[in-house]
Amino acid sequence: MCCPGCQAVATAIVDGGLENFYQFRTVANDRPDTNPHGDQRFAIYDLPEVQSEFVIPFDASFKQANLLLEGITCAACSWLIETHLKKNPAIQSVTVNVSTHRCAIVWDARESLAEIFRSLVTIGYMPRPATDDQQQQLIKKENRIALFRIGVAGFGMMQAMMVAVGMYTGATDFWLDFLRWLSMLVATPVVFFSAWPFFQAAWRSVKMRHLVMDVPVALAIGLAYLASVWATITSTGEVYFESVSMFTFFLLLGRYVELRARHRNRLAFGNLAQLMPLTACCLREENGCEVEHNLPLAVLKPGDLILVKPGETFPCDGRVIAGQSAVVEALLTGESNPVTKAVGDRVIAGTMNQHSPLKVEVNAVAGQTQLSAIERMATRAAEEKPQQVLAADRTARFFIARLLIVCSAVFAFWMWYRPEDAFWITLSVLVVTCPCALALAMPAALSAATANLRKRGFLVARGHVIEGLNDITRVIFDKTGTLTRGQFVVENVIPLSSTILSRDELLALAAALEAGSNHPLAAAFNAWRDRVNASDIRQVTAAGVEGRIDNTTYRLGTISFITEWFDTTDALALPQEVLLQGNHQTWLLLADEKHPLAWIGLADEIRPDAPMLIQSLKKQGIAIELLSGDQPAAVSHLAQQLGIDTFTAGATPGDKLSHMSARQAAGDKVLMIGDGINDVPVLAGADVSVAMASASDLAQTRADAVLLNNQLAVIAEALIIARRTKAVIRQNLRFSLLYNLLALPLAAAGMIPPWLAAIGMTASSLIVIFNALRLVD
């Protein structure tokens, strides 16, 4: 026995009088896939506890399962999977990404997910949950098996070619037969192990009545091998064992390079959750003291307090409640310069604390963090197929069917003209014209471009973004939070004749009154805080704030709020001409109990790269428009500053949508950039929409892309990269079509041997991939 456990089981069987059980069996037990109750190994995936790791709610009655699929070999596999699963009425939608092997299935939550798993197994694809551990395991397994198959094929190729030297240099009679049998011996593992994925994929597609690119490949390998075996057994005709081995080796080598490119793209997208720590330093109250406990992330919940030390990664989204430090947010924004975080600032899971310890209150964990939301958007974008890719897939499938017809015609001609050459010429035609390069032309370029944009802080959340950016003729901007920071700054201070205080002293008084306030205007005074302290602070809604400083009561707010202290004459004496100096500003009046002290003008700060973006768009010949719900004076002033000729103010969400729809009806392709909840309808209706990183969650989910670093200049870069992507796609398509058009007549004329056909097919695919990878940088 191999171990005491097996010995104990065997002993129990014998002691029970069942040692002769197998002698009286008439039929074997049911195999798992023929059991009427189905394959029970997938039943566990119907448990809510297990689904929580890879299933997310989609709407009231549907859920989305994110899976990894083993066995995907080419673009046609995705069509096969989607077509097969959509026959199930419980499934609403299926999207498969060939590059990442990910599959997103939206299904009726009342139906069994295990049945969907079993359905995938029946067509030859093994599903597993799309968790990070599973993803890494799949990558390692793919890499290991691919190298093993290449190694066997390479060894077989070298040995078969060495034997072929003897056969082609005069071996006769016994030695010729011996060398043929030896060549068959070394080629057989190549065919039945190394080339097995080609046969597997071809058989699967034939069963589903759908032709994929592995069909001509499998036919070429299988027919050449069988013909060679027959020639060896009968000692007649030609053998092609060295060509079969070389063909298989070069195909596998090309597939391996494609595999490595897919893995590179996958890493470029950023498997974000891998950067999360496994534990968090949680602070718990014990005997009146805070005690540190290292706990798994799974037990963290909103409201917990954690300590993040220098050099550590934030394990959750939260708010700083103690400490000040620099935080590196390059993971999310692409910006390498650290961002200062102080009390009240928000921190994001996956970013790194650089200088000092920070005490953080947990706001969101696990799948609720911004990091997880970004990864879901990136995955969704990768899974969605643009119309260009769908068209290429259809063209490739059309091409395969016609290729088999052409091969039949070529074989018939050569059987009539020169029968001894018909077989190998037909093999060459089958191989050299396989449309792998055509199928890879667009997906490879789009994946590389998406990865490049992600590194720059431009997260593509929908599959049509890169394609759509090429057609943009008009860009419409929201104002607050888009062209401006959405953060007020002090732009003007006008002391009144009744005060002798300096500008900084006046602003220090205002900052003391606004201390502790969450109002957007209060943040404008942060630079002058803690210089003086106020007590008895009282907030008056829509009016202002009141407090005591050094036994004197001060007020900061609207003119009506301040003039409650003074008579009408004093109020009329206030210098109203300040409104003419900056009617785009928000004006606050500061006063003590005796007299008004100063007018303070606040304005929303323009993003520093906004003028650069506007100039870049103008140079590209793209129309620019400002569409805002803000006051006309503020909108007009901003448009004048940035050189925007067309602008609309005071627009409601409905007005914005109607305005944009009118532009689209006039023939414009509109790129909309916004950030607020009021921008949600117009973002959803635009041809391409971009939400700022500071946008509301609702705006981000409705947008086609998210600007993670809030740097508007990236928009101009995205338009340039989109045009480069279009150019690379055209290059790939032209090369693929030209290659097939040239290779087909040459192969049909007998000018390309099978081994050279294998090199040509592999080289064409690699050229397309390497050309697309230029877009990554």
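To start, this report covers the structure provided alongside it.

What counts and what doesn't
Residues numbered from 1 in each chain as written. Predicted model: local features only at pLDDT ≥ 70, side-chain atom pairs only at ≥ 80, totals over all residues. Heavy atoms only, no water. Helix = DSSP H or I, 4+ residues; strand = E, 2+ residues; numbered from the N terminus. Areas by Shrake-Rupley, 256 points an atom, 1.4 Å probe, with all protein chains shown as cover. Expected span 1.5 Å × (residues − 1). Pairing = 2+ DSSP bridges. Phe/Tyr/Trp six-rings, centres within 6.5 Å; stacked < 30°, edge-to-face > 60°. Buried < 20%, exposed > 50% of the residue type's maximum accessible area, 1.4 Å probe, protein only. Contact = heavy atoms within 4.5 Å. Axes fitted to C-alpha atoms, helices over the stretch in contact; angles between N-to-C directions. Salt bridge = Lys/Arg side-chain N within 4 Å of Asp/Glu carboxyl O. Parallel < 35°, antiparallel > 145°, perpendicular 65-115°, else oblique. Nonpolar A, V, L, I, M, F, W, Y, C, P; charged D, E, K, R; others polar. Core = buried A, V, L, I, M, F, W, Y, C linked by side-chain atoms within 4.5 Å. Polar contact = N/O pair within 3.5 Å; in protein donor to acceptor, adjacent residues only side chain to side chain.

### Quick word on the overall build of the protein
The helix and strand inventory of the protein stands at 27 helices and 27 strands. As displayed, the protein offers around 36200 Å² of accessible surface, 58% of which is attributable to carbon and sulfur atoms.

### Details of helix 26 (residues 713-748)
Spanning 36 residues, helix 26 covers 53 Å between terminal C-alpha atoms, matching the ideal 52 Å at 1.5 Å per step. Looking one or two residues past helix 26, Gly750 carries a phi angle of roughly 80 degrees, positive in sign.

### Some points on the sheet that holds strand 12 (residues 346-347)
With antiparallel pairing, the six strands of this open sheet are ordered in space as 7-6-8-14-9-12. The open sheet has two edge strands with one neighbour each: strand 7 (289-296) and strand 12. Sheet topology note: the strand 6 (residues 279-286)/strand 7 ladder contains eight bridges and is antiparallel. Looking across to strand 7, one finds that Cys282 is bridged to His293.

### Considerations on the packing of aromatic side chains
Enumeration over the complete set of coordinates arrives at 16 aromatic pairs. Centroid distance Phe174 to Phe178: 6.3 Å. Interplanar angle 20 degrees. Geometry classified as stacked. Residue Phe174 and its partner Phe178 are located together in helix 6 (residues 173-194), separated by four residues, close to a single helical turn. The exposure class assigned to Phe178 is partly exposed, which follows from its relative accessible area of 40%.

### Some thoughts on the environment of Cys77
Among the structural elements, Cys77 can be located in helix 3 (residues 75-85). Along the chain, Cys77 and Ser205 lie 128 residues apart, while their C-alpha atoms are 8.3 Å from each other. Residues in contact with Cys77, not counting those within four places in the same chain, are Gly71, Ile72, Tyr125 and Arg204.

### Some points on the sheet that holds strand 26 (residues 688-692)
Reading across from one edge, 15-27-26-25-16-23-24 is the order of the seven strands in this open sheet, with mixed pairing throughout. If you trace the sheet from one side to the other, it starts and ends with strand 15 (458-460) and strand 24 (646-648), each paired once. With direction set aside, neighbouring strand axes in the sheet form an average angle of 20 degrees. Its contacts with the sheet put helix 23 (residues 653-665) on strand 16 (474-477), strand 23 (623-627), strand 24 and strand 25 (670-674), and the angle it makes with strand 23 is roughly 165 degrees. Strands in contact with helix 26 are strand 15, strand 25, strand 26 and strand 27 (705-707); relative to strand 15, the strand with the most contacts, it is inclined by about 50 degrees.

### Here's the deal with unusual backbone geometry
Non-glycine residue Asp530 carries a positive phi angle of around 70 degrees. The topology assignment puts Asp530 in the loop between helix 17 (503-514) and strand 18 (535-540). Even without glycine at this site, Asn551 takes up a positive phi of about 65 degrees.

### Observations concerning the pattern of salt bridges
If you walk through the whole model with that rule in mind, you get 15 salt bridges. Lys309 is the salt-bridge partner of Glu292, the closest N and O atoms lying 3.5 Å from each other. With Glu292 in strand 7 and Lys309 in the loop between strand 8 (305-308) and strand 9 (317-322), this pair connects stretches of sequence that are 17 residues apart. A relative accessible area of 33% places Lys309 in the partly exposed class. Among the ionic pairs, Arg663 bridges to Glu625, the shortest N-O distance being 3.1 Å. With a gap of 38 residues between them, Arg663 in helix 23 and Glu625 in strand 23 connect regions that are remote in the sequence. One connected set of salt bridges, linked through shared partners, spans Arg474, Glu625, Arg663 and Asp668.

### Thoughts on the packing of helix 6 against helix 7 (residues 196-207)
A pair of packed helices can be characterised by two numbers: the angle between their axes and the separation between those axes. Running from N to C, helix 6 and helix 7 cross one another at 45 degrees; their axes reach a closest spacing of 5 Å. In terms of orientation, helix 6 and helix 7 fall into the oblique class. Seen from helix 6, the contacting residues are Val191, Phe192, Phe193 and Ser194; seen from helix 7, they are Trp196, Pro197 and Phe199. A per-class count over the contact of helix 6 with helix 7 returns six nonpolar, one polar and no charged.

### Considering helix 6
Helix length check: helix 6 (22 residues) gives 31 Å between terminal C-alpha atoms against 32 Å at 1.5 Å per residue, within 8%. Looking at helix 6, one finds that the buried residues are Leu179, Arg180, Ser183, Met184, Val186, Ala187, Val190, Val191 and Ser194.

### Some thoughts on the nonpolar core
Residues Phe198, Val217, Ile221, Phe241, Phe247 and Val432 are the most contacted members of the largest nonpolar core, which totals 51 residues. Those elements that provide at least two residues to this core are helix 5 (132-167), helix 6, helix 8 (214-234), helix 9 (241-269), helix 12 (387-417), helix 13 (419-432), helix 26 and helix 27 (754-773). Among the elements that line this core, the one with the most residues is helix 9, at nine residues. Counting residues in hydrophobic clusters, the runner-up holds 50 residues, among them Leu446, Phe477, Leu671 and Ala722.

### Let's talk about the packing of helix 13 against helix 26
Between helix 13 and helix 26, the shortest axis-to-axis distance is 9 Å and the interhelical angle comes to 175 degrees. The angle between the axes of helix 13 and helix 26 places the two elements in the roughly antiparallel class. Facing helix 13, whose interface residues are Ile425, Ser428, Val429 and Val432, helix 26 presents Tyr739, Asn740, Ala743, Leu744, Ala747 and Ala748.

### Here's the deal with the side chain of Lys341
Topologically, Lys341 is positioned in strand 11 (residues 339-341). Residue classification places Lys341 among the buried residues on the basis of a relative accessible area of 10%. A polar atom in the side chain of Lys341 sits 2.9 Å from the backbone oxygen of Arg346. Once residues within four sequence positions are removed from consideration, Lys341 is found in contact with Val320, Gly323, Gln324, Ser325, Val327, Glu329, Arg346, Val347 and Leu358.

On their own, these measurements won't tell you what the molecule is for.
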